[in-house]
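Architecture at a glance
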Amino acid sequence: MLNDIVSKRLKELRAGVKLSQAKLAAKLGVAQPLIARYETGEHLPPIELLIKYADYFDISMDFLVGRADSPQGKLYQYQPKELNDDKMMEFVEMCFEPNSPANAKLKEAVIKLLKEQNQ
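About the cut-offs
- The residue numbering used here restarts from 1 in each chain and proceeds along that chain's sequence as written.
- Per-residue local features are limited, in this predicted model, to residues with pLDDT of at least 70; the limit for side-chain atom pairs, both in listing and counting, is 80 or more; totals at the level of whole chains, interfaces and linings are taken over all residues.
- As a rule here, side-chain values cover all heavy atoms of the structure and leave hydrogens and water aside.
- Salt bridges, as used here, are contacts in which a Lys or Arg side-chain nitrogen is within 4 Å of a carboxyl oxygen on Asp or Glu.
- Burial classes: relative accessible area under 20% of the type maximum marks a residue as buried, over 50% as exposed, and values in between as partly exposed (1.4 Å probe, protein chains only).
- Axis definition: a line fitted to C-alpha atoms, limited for helices to the stretch in contact. Angles are taken between N-to-C directions and run from 0 to 180 degrees.
- Secondary structure elements are taken from DSSP: a helix is a run of H or I of four residues or more, a strand is a run of E of two residues or more, and numbering for both begins at the N terminus.
- Just so you know how the angles are binned, under 35 degrees is roughly parallel, over 145 roughly antiparallel, 65 to 115 roughly perpendicular, and the rest oblique.
- By definition, residues are in contact when any of their heavy atoms lie within 4.5 Å.
- Residues are grouped as follows: nonpolar covers Ala, Val, Leu, Ile, Met, Phe, Trp, Tyr, Cys and Pro; charged covers Asp, Glu, Lys and Arg; every other residue, Gly included, is treated as polar.
- Taken from the helix axis, the directions to the C-beta atoms give the arc we talk about.
- Counting of polar contacts relies on pairs of N or O atoms within 3.5 Å, with two restrictions inside protein: one atom must be capable of donating a hydrogen and the other of accepting it, and residues adjacent in sequence are counted only when both atoms are side-chain atoms.

1. A closer look at the pattern of salt bridges
For the coordinates displayed, the defined rule picks out 5 salt bridges. For Asp62, the salt bridge identified is with Arg67, shortest N-O distance 2.8 Å. The exposure class of Asp62 is buried, given its relative accessible area of 18%. Assessed through its relative accessible area of 52%, Arg67 is described here as exposed.

The following block contains the structure:
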């Protein structure tokens, strides 16, 4: 059940950094009794608070809600599909200011690296 997963992970995160419920509540801007209710599974935290937890502990929402077993989340190891040459060039052109000599050299280096990677 979702409440069980969320409550367990919230408690483990807090205990893992040796924070009391009161100190964590102060850092997240909520009352300590709410932290206790969330950690026991009595209530499910609102999405805004889950985001604060994720930001505070530098973890993914996927991990908090049980969609991933890794704190980095489901897409942490995501590798985008290879770009074809036209799309790659369009992307690189978009990233650099066209009239800057320094950007021109950097752009050439990026293009070279991308072509080497796609080979």
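2. Some words on the packing of helix α2 (residues 21-28) against helix α3 (residues 32-40)
In the contact formed by α2 and α3, the axes pass within 8 Å of each other and the chain directions differ by 110 degrees. As judged from the angle between their axes, α2 and α3 are roughly perpendicular. Contact residues: α2 offers Gln21, Ala22, Leu24, Ala25 and Leu28, while α3 offers Gln32, Ile35, Ala36 and Glu39. Within the contact of α2 with α3, the residues separate by chemical class into 6 nonpolar, 2 polar and 1 charged.

3. Concerning the environment of Arg67
Mapped onto the secondary structure, Arg67 falls in the loop between α5 (61-64) and α6 (85-95). C-alpha of Arg67 to C-alpha of Ile5: the two residues are 62 residues apart in sequence and 9.7 Å apart in space.

4. Observations regarding helix α4 (residues 47-57)
Every buried residue belonging to α4 is among Leu49, Leu50, Tyr53, Ala54 and Phe57, and all of these are buried. Looking straight down α4, one finds its buried side chains confined to an arc of 145 degrees; they lie on one side. The outward face of α4, more than 90 degrees from its buried face, is lined by the exposed residues Glu48 and Asp55. Elements in contact with the buried residues of α4: α1 (2-16), α2, α3 and α5. Of the residues trailing α4, Asp58 is marked for its positive phi of about 55 degrees.

5. As for the side chain of Gln21
Along the chain, Gln21 turns up in helix α2. The class of Gln21 is buried, set by a relative accessible area of 19%. A distance of 2.5 Å separates polar atoms of two side chains, one belonging to Gln21 and the other to Gln32.

6. A few points about α2
Residues lying three or four places apart along an α-helix face the same way, a consequence of the helix completing one turn every 3.6 residues. Gln21, Leu24, Ala25 and Leu28 are the residues of α2 that are buried. Each buried residue of α2 sits inside an arc of 105 degrees when the element is viewed along its axis, so together they form one side. Seen from the buried face of α2, the exposed residues on the opposite side, beyond 90 degrees, are Lys23, Ala26 and Lys27. The inward-facing, buried residues of α2 abut α1, α3 and α4. Positive phi appears at Gly29, one or two residues downstream of α2, with a value of about 75 degrees.

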